[in-house]
Amino acid sequence: MRLLSLLICILLALPPVAAAGSSCTFCHSNRTLMDELGFPGFYFTDEEVWNQSKMLRTGVGGPTCQDCHLGDPGNCTAGGAHLGMPRPIAVSLEGFGPADRYEHLPNLTPQKGRYPLNMLPGDFSLKTVLYHERNPTNYAPNSTLIEATCGKCHREQVEDFLKSPMGNATAQSSYPSFTDPPGPHNCGYWRVNTEKIRAELAVNYSDKQAQVVDRVCQQCHTGCLDCHYQPFLDKGRHYFSRTVPTESCESGGGRGICHAGAEDFRRGAGYNRDLTSLPELPRDAHAAANMTCTDCHQRDGHLFRREVKNCGQCHREAVEGMEESVHRNLSCEACHIQTLGGYQMTIWGPGEYYGVVSPLVKNNYYGVLSEPILIRDQDGIWIPVKALPQAVLNIRGEMSPTGIMFRNLPGVHNRSRDAYAVVGTFKDLPKNNNAVLWVHMDKASHALGPARSCPDCHTTGIQQAASSWIAYGEHVYPPLNRSFTGRYRVVGNATGLYITDIQTTSPISIKDLGHASDFLPWAFGFSWTVRGDFSLPAKDEDACRADRNCTSCHGPGHATVNPAYLRQRPALERIFLGALLALLVALYFLLGGRER
């Protein structure tokens, strides 16, 4: 090894053409050497890197290794040359902590074709792999490191990105606890808020327990590589693209969950649901047409907005028809989203999270909700939401019912369309008392497809949806040796929203489970009820006949009108024409009289 180091030093002292310019290229462009060292996957040449990354500058070449990877290219020892280099983080299944990267990465064989985890090892020996620009303690993107690498050449873009919600994760850090505004929610809580969370819990909550949740949440917040680095496309290990494909948005470059977690699991209306959701559901019609996220979502530099471009750019007739119809205060999604998947119930309570026993573990039930519930947003527009029953156990204080509340965050989401309603505090559990209950109502935005039928909303005016779910018990402690299934109904009428008829559909004896209240607290009398008017306009039973199609009275498709107006229209037209004729006659005689 000393002889090899000496040889490298001698060669690096030679002119750049002979020595390839740095210890990086001298070693890594030597295929035989990389094979002998046991790192065949780390062989590359400058030309290969420049061509794959599309960063080749004619007559100049491309960026140097140290521009992106840092380190010391003038050092001729392995330890010295790699000193200060950021490394990919291999995340262990135990404690969600860093694993020995050398045990996994040199021979890592990705799950090719197993979207969205196609950058993870096929033997499931790791939970995930995070790219280089991460803080190794909490896995958050490291802004200083991003500026020192990508920011060297893309300074304006990096500054723009770090000011965006994706770059500074403003929304997540604005959720300090379960009880403070903007209300309880479905995500985890960062370690920075541990003291606040610990103060509101009636049980001990350690830094180690908080760190696991912190890391799990932070992995989804992005850096440059999560979007623009795309080795999963089989175009080379240094392949970058300006255009961000849907795979990067949904799964962080094939190694995580990112928007698939928020859209598929929490909202239940993801984009590629046949590939990413649990259970698998039909994909969005736009995904089926091979449209990408950026085809619809507006952006100004790196500032992406939730709002989409005007749907009328592609659906002009439909949008124009809606603007004049009785449904002009109805969002497109209200009709064109039907089934919602992902979480069907979430219980924050005692359990085990990646090998760490904790009083604050997220136990999710996964399944299908037959249809969304419609509510009015802050501008009076009807939107679809997934009415998701949730609870957090062992809260020290109490929370009172609120009715529908929107998650407005000043400076971030001033007019949020995500809502929730606190149900209240439940005190009759055998343990884990003072459980705060709420109904989560995040807006559903994707999985657009054929429209719901007219009777689906207007038969009785009562909204009804059925949920069927499965609980895997993976985070329960002591762990369950099997999963169990169940169901419930959601009913919305003129008096309120009700989660009712909650029951298991597979054999499970609650009496034999001493920790049932940890993950089955609803079996002890939970009641999710939100007061308010959740009804929809019902049809006129006297005017509507069962043997007639709705469009025969209300008009076709998006140009739906009120039939009362249709009945009045002929008379109104006759009155208008008569008034116009009288005006013309009056003008005739008036002008004729002046001439005489």
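Attention here is on the structure that accompanies the text. Note that the structure is predicted; figures quoted are calculated from it, not measured. (Residues numbered from 1 in each chain as written. Predicted model: local features only at pLDDT ≥ 70, side-chain atom pairs only at ≥ 80, totals over all residues. Heavy atoms only, no water.)

A closer look at the overall build of the chain
Counted only if it meets this: Strands here mean DSSP runs of E at least two residues long; helices mean DSSP runs of H or I at least four residues long; both are numbered from the N terminus. Note on classification: 1.4 Å probe, protein chains only; a residue is buried when its accessible area is under 20% of the maximum for its type, exposed when over 50%, partly exposed between these limits.
Helix and strand content of the chain: 27 helices and 16 strands. Looking at the chain as a whole, 46% of its 596 residues are labelled buried.

Remarks on the side chain of Gln230
Selection rule: In protein, a polar contact requires one atom able to donate a hydrogen and another able to accept it; more generally it is a pair of N or O atoms within 3.5 Å, and residues adjacent in sequence count only if both atoms are side-chain atoms.
With respect to the helices and strands, Gln230 occurs in the loop between α16 (224-228) and α17 (246-251). Classification of Gln230 as buried rests on a relative accessible area of 1%. A distance of 3.4 Å separates a polar side-chain atom of Gln230 from the backbone oxygen of Thr243.

A few points about the sheet that holds strand β6 (residues 356-369)
Definition in use: A pair of strands is treated as paired once DSSP finds two or more bridges between them.
The strand order β10-β11-β12-β9-β5-β6-β13-β14-β15-β16 describes an open sheet built from 10 strands, whose pairing is mixed. Pairing within the sheet leaves two strands with one partner each, and these edge strands are β10 (405-406) and β16 (528-531).

Some remarks on the packing of aromatic side chains
Filter applied, for reference: Here a pair means two rings of Phe, Tyr or Trp (six-membered ring of Trp) with centres within 6.5 Å. Their orientation is stacked below 30 degrees between planes, edge-to-face above 60, and tilted elsewhere.
By the definition in use, this model includes 19 aromatic pairs. Consider the rings of Tyr366 and Tyr472, whose centres lie 6.1 Å apart with planes at 50°: the pair is tilted. Of this pair, Tyr366 sits in strand β6 while Tyr472 sits in the loop between β13 (463-471) and β14 (484-492), placing them 106 residues apart in sequence. Accessibility expressed as a relative area gives 11% for Tyr366, which makes it buried. With 4.8 Å between their ring centres and 70° between their planes, Phe426 and Phe526 make a pair best called edge-to-face. A residue pair is termed long-range when its members are at least 10 positions apart, and Phe426 in strand β11 (residues 419-426) and Phe526 in the loop between α25 (516-519) and β16 qualify at 100 residues. Like Phe426, the residue Phe526 is buried in the burial classification. Taken together, the ring pairs in this structure connect Tyr365, Trp469, Phe484, Phe519 and Trp522 into an aromatic cluster.

Describing helix α18 (residues 258-267)
Along α18, 8 of the 10 residues are buried, which leaves the element largely enclosed by surrounding structure. Every buried residue belonging to α18 is among Cys258, Ala260, Gly261, Glu263, Asp264, Phe265, Arg266 and Arg267, and all of these are buried.

Quick look at the pattern of salt bridges
As a reminder, the rule being used: Only one rule defines a salt bridge in this text: a Lys or Arg side-chain nitrogen within 4 Å of an Asp or Glu carboxyl oxygen.
Using the criterion set out here, one finds 19 salt bridges in the structure. Across the salt bridge formed by Arg198 and Glu195, the nearest N and O atoms sit 2.5 Å from each other. One end of the pair is Arg198 and the other is Glu195, both in helix α14 (residues 194-200) and 3 residues apart, which spans about a single turn. Here Arg198 falls in the partly exposed class, since its relative accessible area comes to 23%. Look at Glu195 and you get exposed, because its relative accessible area is 56%. Between Lys431 and Asp518 there is a salt bridge, with its nearest N and O atoms 3.7 Å apart. Placement of the pair is Lys431 in the loop between β11 and β12 (435-441) and Asp518 in helix α25, with a sequence separation of 87 residues. For Asp518, a relative accessible area of 4% corresponds to the buried category.

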